[in-house]
Protein chains: 2
Amino acid sequence: MSGKREAKKEALRQAIINAARQRIAESGLDELRARDIAKDADCAVGSLYTVFSDVDDVVLHVNSSTLTQLGSVMEAASKSADSPQEVLVALAVEYLKFATENRNIWSALFNHRLPEGAPAPEWHVAEHLVLMRWIAIPLAKLRPNLDEKALAVQSRILFAAVHGIVSLSLEGRFVAVRRRDIETQLIQFINDIIRGFDKE
Amino acid sequence: MSGKREAKKEALRQAIINAARQRIAESGLDELRARDIAKDADCAVGSLYTVFSDVDDVVLHVNSSTLTQLGSVMEAASKSADSPQEVLVALAVEYLKFATENRNIWSALFNHRLPEGAPAPEWHVAEHLVLMRWIAIPLAKLRPNLDEKALAVQSRILFAAVHGIVSLSLEGRFVAVRRRDIETQLIQFINDIIRGFDKE
DNA sequence: CCCAATTTTGAACAATGTTCATTTTTTTCT
DNA sequence: AGAAAAAAATGAACATTGTTCAAAATTGGG
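Computed from a predicted model, the values in this text were never measured in an experiment.

Engineer: Please give an account of the overall build of chain A that cites residues and values.
Structural biologist: Along its length, chain A carries 9 helices and 0 strands. Along chain A, from the amino end to the carboxyl end, the secondary structure elements read α-α-α-α-α-α-α-α-α. Reported as C-alpha extents along the three principal axes, the dimensions of chain A are approximately 65 × 40 × 35 Å. Here chain A, with 200 residues, has 47% of them falling under the buried criterion. Taking as baseline every contact in chain A between residues at least 6 positions apart, the subset at least 24 positions apart corresponds to 70%. Accessible surface for chain A amounts to roughly 9,900 Å². Of this, 51% is attributable to carbon and sulfur atoms. For chain A, the centre of its 25 positive side-chain charges and the centre of its 27 negative side-chain charges are spaced 2 Å apart.

Put into C-alpha cells, the structure is as follows:
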C-alpha cells in the first residue's frame, strides 16, 4: 500500500506550485524566493528539492498551468464569433484581457529565463505550440492558399505581433500607451492586417 | 587644478560601462557580476559604487549607449529609401539586423528589470521616445489625416508589433521561426499593415 | 615635504539558492 | 504489535552574490 507515499508527494507538489503561483501573482516573478514558497507550502526549504529539481522547475510548472488557463481563454474566444475576422479580433482582445487581469502570472510566462544553456524541456515548448493552433484555425479560413507550414509560421508571427503590443504596452516600461487605448488600437491593428491580406 | 579628479572619475565611469557592455555582449545580462565588471575595469568592487549607485545603474548606462547606437541605425535606414513604405520596411529590417548582430546587448535593453517599484529615470525613458520619432516620420506621410497624438500612438503600436516579432523569434524560447525566414515574414508583415491602411 | 581631504580598497555582511548529514516518518517483516 | 529497514523531511551549513564601510592609499595645496 505504497500509493500513500505517491499521494503525499503529489500533494506537496501541488502545494508548492500553488504557493509559488500565489507569490508570483502577488509580487511578481522577481520577488519569488525558495524560502517563501516553502513557508507557504508548509514544508522545509529542502523538501522543495525532493519534488522539484530547483526553483526554475517550479516556475516552469506554474507557467504550465498558466498556459492551460490561457488555452481555455483562447478556446472560449474562438467560439465567441463566427467569422474568422471576428475570431482573430476576439483572440487578441481576450489575450489582452488575460494579460491585464493576470499581469504577474502572465508576465512570468515570458520573463522567466532558464540559466544559460538550459533549454526549456520539450513538454513545455509543446504547451506553447498548442496556443498557436487557436490562431491557425481562423487564419486558415482567411488565407486558404497557405499550406500547413506557412500557416504555422504566419500564426506565430501574428501571435508575436499581438504579444509585442500587449507586452510593451502593459509592462509600460517606456513606450507607454494609455491603458484604455490599447484595446482600440489592438482591434484596429488586427483589422489592418486582415485588410492587408485581402489586397495581396 | 581639481579637474584632474573629475577626469579620473569620468575615466572610471567609462571603463566600468565598457567592461559591463563587453560582459553583457559576451555572456548576456544574466551573467553580469559586479565583481567581474570591477576586475575588467581594473578597480575594486567598492569603486563601482563610488561612481554608480548600483549595478542596475551601470546597466542603465549601457542600455543608454545601445539606444544611441540604435538611433544611428534608424537614422541611416530612414535615409536609405524615399517612399515611406520603403522606409518603414527598412527600419524593421535594420532593427531585426541590429538585434541579430547584437543579440545580448539588444536584449538587455528589454530584459533588464529595475527592482520592484523603482521606475526608470526620466532621462532614460526619453531616450526611448526618440526612437519612436523615426517611425512617426514615414508613418505621417502614409496617414496624413492623423494628428500628432494619434501618430505617436500608432508609432508605438507599430514598433511594439515589430519588436514582438523580432523578440519572440530571436529569443526563440518557443514559437521559433527559422532565422532566415524572419526577415521575409517581417517585410511581408509591414506591407500587409500598410496595405491595410490604404483600405481603411 | 607635510597634512588634510578625498578616493580606493577589499574584507565583512546580508540575502538567497542549493546540498546533505541527521532526524522523523512510513513501510515491511515476523 | 513491535522492531528493523527504507524513505522522506528537515534545517543548518555552504557557495555565490550585491552592497557597505572602516581602514589604507593617494592626491592637492601650502
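Engineer: With reference to specific residues and values, describe the interface of chain B and chain A.
Structural biologist: It is common to give the size of an interface as the accessible area that goes away when the parts come together. At the junction of the two partners, chain B supplies 42 residues and chain A supplies 42 residues. At the surface where chain B touches chain A, the tally comes to 2 salt bridges. If you list the elements that add at least two residues to the side of chain B that touches chain A, you get α6 (103-111), α7 (122-142), α8 (148-171) and α9 (179-199) of chain B. Top contributing element to the side of chain B that touches chain A by residue count: α8 of chain B, with 12 residues. Residue classes in the side of chain B that touches chain A are distributed as 19 nonpolar, 10 polar and 13 charged.

Engineer: Describe in detail the protein's contact with DNA strand C, supporting the description with residues and values.
Structural biologist: Arg33, Arg35 and Tyr49 of chain A together with Ala44 and Ser47 of chain B are the nearest of the 19 residues found near DNA strand C. In the interface set of DNA strand C, defined as its atoms within 4 Å of the protein, sugar plus phosphate atoms amount to 69%. Alanine 34 of chain A is positioned such that a nitrogen or oxygen atom in its backbone is 3.0 Å from a phosphate oxygen of DNA strand C. One nitrogen or oxygen atom from the side chain of tyrosine 49 of chain A is found 2.8 Å from a phosphate oxygen belonging to DNA strand C. Of all elements in the fold, only α1 (3-27), α2 (34-40) and α3 (45-51) of chain A together with α3 (45-51) of chain B reach the threshold of two or more residues within the surface near DNA strand C. Of the residues assigned to the surface near DNA strand C, the class counts are 8 nonpolar, 3 polar and 8 charged.

Engineer: Describe in detail the relation of the copies chain B and chain A, supporting the description with residues and values.
Structural biologist: For the match of chain B to chain A, the screw axis carries a shift of 0.0 Å, the RMSD comes to 0.0 Å, and the turn is 180 degrees. The symmetry that links the two subunits is that of a two-fold axis.

Engineer: I'd like to hear about the packing of α6 of chain B against α8 of chain B, residue by residue, with values.
Structural biologist: Between two packed helices, the angle of one axis relative to the other and the distance separating the axes together describe the packing. All names here are of chain B. It is at 12 Å that the axes of α6 and α8 come closest, and there the two elements cross at 125 degrees. As far as their axial angle goes, α8 and α6 are oblique. The hand of the α6/α8 crossing is left-handed. In this structure, α6 contributes Arg103, Trp106, Ser107, Phe110 and Asn111 to the contact, and α8 contributes Phe159, His163, Val166, Ser167, Leu170 and Glu171.

Engineer: Break down the pattern of salt bridges for me, with residues and values.
Structural biologist: Where charged atoms from two side chains of opposite charge approach closely, those side chains can pair. Tallying each qualifying case throughout the model produces 14 salt bridges over all chains. Residue glutamate 148 of chain B pairs with arginine 133 of chain B through a salt bridge whose shortest N-O separation is 3.5 Å. Taken together, the residues glutamate 148 of chain B in helix α8 and arginine 133 of chain B in helix α7 connect sequence positions 15 residues apart. With relative accessibility at 45%, the residue arginine 133 of chain B sits in the partly exposed group. Members of the salt-bridge network, linked through shared partners, are Arg23, Asp36 and Asp40 of chain A.

Each value, and the rule that gives it
Residues numbered from 1 in each chain as written. Chains lettered and ligands numbered in written order. Predicted model: local features only at pLDDT ≥ 70, side-chain atom pairs only at ≥ 80, totals over all residues. Heavy atoms only, no water. Helix = DSSP H or I, 4+ residues; strand = E, 2+ residues; numbered from the N terminus. Buried < 20%, exposed > 50% of the residue type's maximum accessible area, 1.4 Å probe, protein only. Contact = heavy atoms within 4.5 Å. Areas by Shrake-Rupley, 256 points an atom, 1.4 Å probe, with all protein chains shown as cover. Lys, Arg positive; Asp, Glu negative; His and termini not counted. Charge placed at Lys NZ, Arg CZ, Asp CG, Glu CD. Salt bridge = Lys/Arg side-chain N within 4 Å of Asp/Glu carboxyl O. Nonpolar A, V, L, I, M, F, W, Y, C, P; charged D, E, K, R; others polar. Near = heavy atom within 4 Å. Polar contact = N/O pair within 3.5 Å; in protein donor to acceptor, adjacent residues only side chain to side chain. Least-squares fit on C-alpha atoms with pLDDT ≥ 70 in both. Axes fitted to C-alpha atoms, helices over the stretch in contact; angles between N-to-C directions. Parallel < 35°, antiparallel > 145°, perpendicular 65-115°, else oblique. Left-handed = near helix turned anticlockwise from the far one by under 90°.

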